[in-house]
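A closer look at the structure
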Amino acid sequence: MVEVQAGGGNTTGDGGRHEVLQFALHVVRGRWFSLFASFLIMAGAGATYLFGTYSKEIKGSLGYDQTTLNLLGFFKDLGANVGVLSGLIAEVTPTWFVLLVGAAMNFTGYFMIWLSVVGKISKPKVWQMCIYICLGANSQNFANTGALVTSIRNFPESRGNMIGLLKGFTGLSGAIMTQLYLAVYGNDSQSLILLIAWLPAALSVVFVYTIREMKVVRQLNQQTVFFYCLIISIVLAVFLMVMTLVEKAIAFSHAGYVGTATVACALLFLPLLVFIREELILWRQKKLLLGPPKMVAENPPAFVESELKAIPELPQISETKKEFNSKSSWLADIFLNKPARGEDYTILQALLSTDMLILFLATFCGLGSSLTAVDNLGQIGESLGYPTTTIKSFVSLLSIWNFFGRIFAGFVSESLLVRFKFPRPLMMTLVLLLSCIGLLFIAFPFPGSVYAASLIIGFSFGAQLPLLFTIISELFGLKYYSTLFNCGQLASPLGSYILNVRVTGPLYDREALRDLEKKGLTRASVKELTCIGNQCYRLAFIILASVTFFGALASLILVARTRQFYKGDIYKKFREQAEAADTEMASPNSTKTR
């Protein structure tokens, strides 16, 4: 029977509603909706980049000097970059658990900071504030591990584009959250901390069950979909940049802030329409594979299950082709019998390899210097005499160009690699050299130099992380990627501690004390230690530029070591798996219904 009668009711209408419900479930359970949820979670996972906006509130309300504030900045960077725990948890627990742990850590850490700043609790010790900000910042690693790693495994042939998009939305999060807090709380930096506490946690809780590893299917227009997302994200970034500049020049009413935030959210949700259209195409194709409509009407509960079984699964992770000698010692396996580049390394094989050590050194120099510049951007603007609204513009512009750097590193490096075999490590070298220019603009300031430095440092900082994550996935495989990519960024907080806490902070405080001596004052005479003038950050940023240049030279060594690997077809095995899946789908047995 084609139609099922049920008491003379309107079966056509009921069937239509039932099909709409099934399609809605199909969308929510699909790879594309999982990717959309990952976009939103990553867009809320960049609260650490707003430290330059609310750090002055912490410094003023708690009476810290610059060295103490930089110590907090180090623990923020430590939490944000030490993601080994989230990686190891992800190896043995489902994705939903990883996201829930991250949500709890985010809310607890930043909510305690907000309570401390607004005086709802007694003034905490410095070590307690360090724990709070480290806990809150570390939550973004759980978001990264849950959303980014899962998305890469769901789209293994497009990892460069995938990392660029996901980290790009993280780069935009600072500007997005700035628009939201202006709309919700007005121009109140203390309330920004409260927004950072609850919004990212709420996103993770809402989408906790939609982000999971799924069967990989071959889609010929997959790259086109990613380019649609790229265009939408660029439009969002340009809108945020324009509004940041306009809000600096014109005083907005609260209704105006609400309007800009609404437009930003609409652009943020626009990829969902692209994904629904894509899922509709897949829905129709799967209905053809499953047979005539009567089969669906006769057995609707099994439809979703049967449609998943009709699509063959691609192997998520290839097994290492090289077989080790069973009699060899584990030390020999780690140091001597390593797989070829591109195959699946064990965690110890990867961490103790020369390639990883070179990446560690380049990351220490590049990201360590960039994080130092980001954390001090608010005080840099203050020392050069910029007003508060302009300083907030610097932070927002840095966040936006952070996005452009991540998109560039993802899409452009992927295109150059596919077309011209341009190695990604060489792209990292060029990015580090660009970063040196931005750091020198702060060391030797001129009118408008901080604007240019914000753009350059934001762009280069944003480009470094996607390049690092993609290089790790290409050289060491995807089997233990959730742990390896978190281990790969461990050099960043170490570099931030040495360059920020041990170098930049003390040099700034030394110049501030000299200013006090010239005025005939002592440290006890002022609550907040502040330095004004071009000399405040000159020596520190000359050192940072020199360290970054050394990191660029180190990355050139990796370019030489991996040049033969990148000349080959590094995605060959994934393409072979996809072709095998296409052959299986084309066979008569693949279209049988169950």
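Structural data are supplied above this passage.
Here is a short report on the structure shown in this document. These numbers were taken from a predicted model, which means no experiment stands behind them. (Residues numbered from 1 in each chain as written. Predicted model: local features only at pLDDT ≥ 70, side-chain atom pairs only at ≥ 80, totals over all residues. Heavy atoms only, no water.)

1. What about the overall build of the chain?
Counting its secondary structure elements, the chain contains 24 helices and zero strands. Residue burial in the chain is summarised as follows: out of 594 residues, 57% are buried. Here the analysis covers contacts within the chain between residues at least 6 apart in sequence; of these, 82% occur between residues at least 24 apart. Accessible surface for the chain amounts to roughly 23900 Å². Of this, 66% is attributable to carbon and sulfur atoms. (Helix = DSSP H or I, 4+ residues; strand = E, 2+ residues; numbered from the N terminus. Buried < 20%, exposed > 50% of the residue type's maximum accessible area, 1.4 Å probe, protein only. Contact = heavy atoms within 4.5 Å. Areas by Shrake-Rupley, 256 points an atom, 1.4 Å probe, with all protein chains shown as cover.)

2. Digging into the packing of aromatic side chains
Under the counting rule described, the total for this entry stands at 29 aromatic pairs. Between F155 and F226, the aromatic rings sit 5.5 Å apart at their centres with planes inclined by 75 degrees, giving edge-to-face as the arrangement. Of this pair, F155 sits in the loop between helix 7 (126–154) and helix 8 (159–185) while F226 sits in helix 10 (residues 222–249); the two residues are 71 residues apart in sequence, bridging distant segments of the chain. Its relative accessible area of 1% is what places F155 among the buried residues. Here a set of aromatic residues connected by ring pairs shows up, and it is made of W32, F39, F155, F169, F226 and F275. (Phe/Tyr/Trp six-rings, centres within 6.5 Å; stacked < 30°, edge-to-face > 60°.)

3. A few points about the nonpolar core
Counting residues in hydrophobic clusters, the biggest one holds 154 residues, and the most contacted among them are Y54, I58, Y481 and F541. When residues in this core are grouped by element, the largest group, 14 residues, is from helix 20 (residues 449–476). Residue assignment places this core across two domains, with domain 1 (19–289) and domain 2 (345–581) each supplying three or more. Excluding its chain neighbours within four sequence positions, the residues that come into contact with F541 are A373, I380, L439, I442 and A443. (Core = buried A, V, L, I, M, F, W, Y, C linked by side-chain atoms within 4.5 Å. Domains from an automatic or database assignment.)

4. Considerations on the environment of R159
Mapping R159 onto the fold places it in helix 8. Its relative accessible area of 3% is what places R159 among the buried residues.

5. Thoughts on the environment of K76
Assignment of secondary structure puts K76 in helix 4 (residues 66–81). A relative accessible area of 1% places K76 in the buried class. For K76 and C134, which are 58 residues apart along the polypeptide, the C-alpha to C-alpha distance reads 4.9 Å. With near-sequence residues (within four places) excluded, K76 lies in contact with T48, F51, I133, A137 and D375.

6. Examining unusual backbone geometry
For K421, which is not glycine, the phi torsion reads 55 degrees and is therefore positive. Along the chain, the position of K421 falls in the loop between helix 18 (388–420) and helix 19 (424–443).

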